[in-house]
There are 2 protein chains.
Amino acid sequence: MSEYHTLTAAGAVDYARQYAGLADPQSLVDALEVGDGNLNLVFKILDRQGISRVIVKQALPYVRCVGESWPLTLDRARIEAETLLIHGRYCPRHTVRILHHDPALAVMIQEDLSDHAIWRCELLTGTYYPHAARQLGEYLAQVLFHTSDFYQPPQRKKADVARFTNPEMCQITEDLFFTEPYRIHERNTYPTALEPEVAALRADGQLNLAIAGLKHRFLSQAEALLHGDIHSGSVFVADGRLKAIDAEFGFYGPMGFDMGTAIGNLLLNYCGLPGLLALREAATGREQRLQDVRELWLAFSEGFLALAAEKTADATLATPGYARLFLHHVWHDTLGFCGTELIRRTIGFAHVADLDGISEEAMRLDCQRHALSLGKMLIMAAPHIGDVDALIARIRQNG
Amino acid sequence: MSEYHTLTAAGAVDYARQYAGLADPQSLVDALEVGDGNLNLVFKILDRQGISRVIVKQALPYVRCVGESWPLTLDRARIEAETLLIHGRYCPRHTVRILHHDPALAVMIQEDLSDHAIWRCELLTGTYYPHAARQLGEYLAQVLFHTSDFYQPPQRKKADVARFTNPEMCQITEDLFFTEPYRIHERNTYPTALEPEVAALRADGQLNLAIAGLKHRFLSQAEALLHGDIHSGSVFVADGRLKAIDAEFGFYGPMGFDMGTAIGNLLLNYCGLPGLLALREAATGREQRLQDVRELWLAFSEGFLALAAEKTADATLATPGYARLFLHHVWHDTLGFCGTELIRRTIGFAHVADLDGISEEAMRLDCQRHALSLGKMLIMAAPHIGDVDALIARIRQNG
């Protein structure tokens, strides 16, 4: 254990030499700061050939883009590392590998993924990864099943619920997803032209009732150890490969939250494509996104059912048919949480390039309006959308 | 802090002199062991006039009736005392007062309630306490509302979920309520004559699906700091007064579990009365029990709604109509958990005198069959029983 101090580039190199477990630690000679997030320092540690060999990631004690006025717990670094270690135990193929971590220094060393790209960036330019959605679904099936009451002994699961108590990071989600977009709030950001749509969301009593139910489930349902922030920007892809990263929002919550966030970001891309690509490429991309949504859900649900049939440890939850019944509940949660992601990424504090990256203003507004109306539809119609094919039909109807 | 050792009667007197905070500690001279439970030593501490002044309760490191072969965590004493202190903060009128507690010694000193009687004992002899059900409903409204996400700041609530992690005691409930009664298990106890009914429960696929859902909710829904064992045997009553005791099963769970346990024990009495009292008294008692069930639910739900309207701290959960919507979900959970209590108290490990105290065998079997069929009906029909009046109509139909 060390006292906390922020690493310099030289310090990050020294740290990686000492703890990365490489056979040739002295070959590490340089560090490149590549953090584009708000919360962390991220260094690529380079060897003499300039090749990145490992990543050193350190949590900062404040939100970087805002500055030291928004302090943020360093415990999130421990939670991130421990979440990824557990997820890596159950899905090593699709979880970034953690080589070392130190809670006091809020630092971890992870495998280098320089031959991968951030999925969101690829989606923005119309680069299609035909296996990615299925692989993300497989990742979520593995990690959510194995950390749930289906598989974990009850006493160990309760200990993990306590160990992954992540109050400060959860509060960010609670505020940004469920509270601020439906209120007048200084952190909301959207063009004045959208004020009628945003005011309508605030005034919609039925919508706000559904949002309250979703927030309450986020606050109280400890179903599995979630990634907690599994959008297309926290997924690395390469040809036939996929790795989840960035699990500092990990906690025990409702499975539908991870599924909804993942599907929501595919649908944000679906909404934004007409403003990002030429007509024909956009149309192709949109069909690929709907196919991605379908494969993501089917890979998750079929993977989960197969694991449940084979590995459910709890004798009662092993009752024939129960896993399928439970997945219906996860599906309806997924639709609701997906809707909140569409809305908060359009008018809340944290936006996505799938919408904000559209240069032409009228087109950007159209796409934003589409995301809002699709988000609202998903939240309100969730109880009536029976499966993923019905969802895709609804999305096509919605425009 | 002290090293754990079991208290002798003389040791309990010394302990009470030192820690009960009485103005006249030296007046305490004797101790009477009155524990009738399985898990604890309970001493009444008497003064020179033989009057009980305080209670000293100490957890044993094993289940008493079974012996040292079934070890049980002493941490339950800390959880019990801290649960009662929190419940006492929000409902001092109906929570036993804790004067002192020591986690290392697994001991607490609580107010003497010798002028009260255990509600179950009174129900067995047909003694009616017309305010008790309403008061129990008020207690549950206060403690469940104030420990829930409606009232607690999210970060403090999460800390309390971790603090009240109670894995060993929860496992007892998980096994005894949801697992063993629906399996062949050595701890189940019932007369051979009931084997057809018990076998039918085991074989009922739809029932077992519903049980799996209830167990899963018990395992994963951290809605409020439950009492965890609020049956008529853990409630003291006196003329116009009521106090909840015995909270060693306290943990963050689904509100419907406490409500279902409470209502379930009133219905166990309803089922047993024809075997316990003469015809006319039994009929009167049964009407009182149905009235009790009605008042318990209405006092809880109306109390909860009034508190929600006045004191909800979470801006999103304060959405008009949400508390009422949430109570519908608690109501359906309540019916299901109530059904599991009726079944497990009839054929599982821990029985109740409301049924087992019936001396005439054929009558006892009739009453046990009634409890089983009522329990099964409640679990299966829960989604279709809209309110407490519909419940009472169904109970009358059921016989």
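Coordinates for the structure precede this section.
Figured I'd write up the structure that's included with this text. Bear in mind that the values here come from a model prediction, so they are computed numbers and not experimental data. (Residues numbered from 1 in each chain as written. Chains lettered and ligands numbered in written order. Predicted model: local features only at pLDDT ≥ 70, side-chain atom pairs only at ≥ 80, totals over all residues. Heavy atoms only, no water.)

Of note, G375 of chain A is situated in helix α13 (residues 361–381). Not counting chain neighbours up to four residues away, the residues in contact with G375 of chain A comprise G339, L342 and I343 of chain A. (Helix = DSSP H or I, 4+ residues; strand = E, 2+ residues; numbered from the N terminus. Contact = heavy atoms within 4.5 Å.)

Glancing now at the interface of chain B and chain A. Quoted interface sizes are often the accessible area lost when the parts come together. Contact residues are listed per partner, giving 39 residues for chain B and 39 residues for chain A. Between chain B and chain A lies a buried interface of about 3200 Å² when both sides are counted; carbon and sulfur atoms form 60% of it. In terms of surface lost to chain A, no three residues of chain B exceed K158, H216 and T316 of chain B, which account for 20% of the buried area on that side. Between D314 of chain A and K215 of chain B there is a salt bridge whose closest N-O contact spans 2.9 Å. When residues of the side of chain B that touches chain A are traced back to their parent elements, those giving at least two are α5 (154–163), α6 (167–179), α8 (205–220) and α11 (322–347) of chain B. Classifying every residue of the side of chain B that touches chain A gives 17 nonpolar, 13 polar and nine charged. (Buried area = accessible area lost by both parts, 1.4 Å probe. Salt bridge = Lys/Arg side-chain N within 4 Å of Asp/Glu carboxyl O. Nonpolar A, V, L, I, M, F, W, Y, C, P; charged D, E, K, R; others polar.)

Residues and elements named next belong to chain A. Contact geometry for helix α11 (residues 322–347) and α13: axes closest at 7 Å, N-to-C directions at 155°. Our classification of the angle between α11 and α13 gives roughly antiparallel. Our pair here, α11 against α13, has a crossing hand that is left-handed. Facing L335, G336, C338, G339, T340, L342, I343, T346 and I347 of α11, the residues of α13 in contact are Q368, A371, L372, L374, G375, K376, L378 and I379. Partitioning the contact of α11 with α13 into residue classes produces 10 nonpolar, six polar and one charged. (Axes fitted to C-alpha atoms, helices over the stretch in contact; angles between N-to-C directions. Parallel < 35°, antiparallel > 145°, perpendicular 65-115°, else oblique. Left-handed = near helix turned anticlockwise from the far one by under 90°.)

Residues and elements named next belong to chain B. Strand order in this open sheet of three strands is β8-β10-β11, and the pairing throughout is antiparallel. Here the strands that pair on one side only, and so sit at the sheet edges, are β8 (117–118) and β11 (241–244). Here two bridges tie β8 to strand β10 (residues 235–238), and the two strands are oriented antiparallel to one another. Looking at β10, one finds that A117 is bridged to V237. Strands in contact with helix α4 (residues 132–146) are β10 and β11; relative to β11, the strand with the most contacts, it is inclined by about 45°. (Pairing = 2+ DSSP bridges.)

Another point: the relation of the copies chain B and chain A. Of the transformation placing chain B onto chain A, the axial shift is 0.0 Å and the rotation is 180°, giving an RMSD of 0.0 Å. These values place the two chain copies in the arrangement generated by a two-fold rotation axis. Here 100% of the interface residues in chain B have copies in chain A that are interface residues too; the copies meet face to matching face. (Least-squares fit on C-alpha atoms with pLDDT ≥ 70 in both.)

Oppositely charged side chains can pair when the atoms bearing their charge come close. A full pass over the atoms with the stated rule returns 56 salt bridges over all chains. Here D75 of chain A ties to R78 of chain A by a salt bridge, and the two come within 2.7 Å at their closest N and O atoms. With D75 of chain A and R78 of chain A both in helix α2 (residues 75–90) and three residues apart, this pair spans about one turn of that helix. By relative accessible area, which is 17% here, R78 of chain A ends up buried. Notably, a salt bridge pairs D204 of chain B with K376 of chain B, separated by 3.1 Å at the nearest N-O pair. Taken together, the residues span a long stretch of sequence, with D204 of chain B in the loop between α7 (195–203) and α8 and K376 of chain B in helix α13 (residues 361–381) at a distance of 172 residues. Under the relative-accessibility criterion, D204 of chain B is labelled buried at 17%. (Buried < 20%, exposed > 50% of the residue type's maximum accessible area, 1.4 Å probe, protein only.)

Considering only enclosed or pocket space, the largest pocket measures out at about 1600 Å³ in volume. As for the largest pocket, its lining consists of 43 residues, of which R217, Q221 and H329 of chain A together with R217 and H329 of chain B are closest to the centre. For the lining of the largest pocket, the secondary-structure elements that each account for two or more residues are α8 (205–220), α11 and α13 of chain A together with α8, α11 and α13 of chain B. Across the lining of the largest pocket, the residue classes tally to 20 nonpolar, 17 polar and six charged. (1 Å grid on protein atoms, 1.4 Å probe; cavity = no way out; pocket = protein on both sides within 12 Å on 5 of 7 lines; lining within 4 Å. Points joined across faces, edges and corners; volume = space filled by probe spheres on them.)

Here we come to unusual backbone geometry. All names here are of chain A. The backbone phi angle of D246 is positive, close to 60°, even though this residue is not glycine. Within the fold, D246 resides in the loop between β11 (241–244) and β12 (251–253). According to the relative accessible area criterion, D246 is partly exposed, its value standing at 23%.

Looking now at the side chain of T316 of chain A. Here T316 of chain A shows up in the loop between α10 (279–311) and α11. Among residues more than four places away in sequence, those in contact with T316 of chain A are F178, T179, R183, I211, A212 and K215 of chain B.

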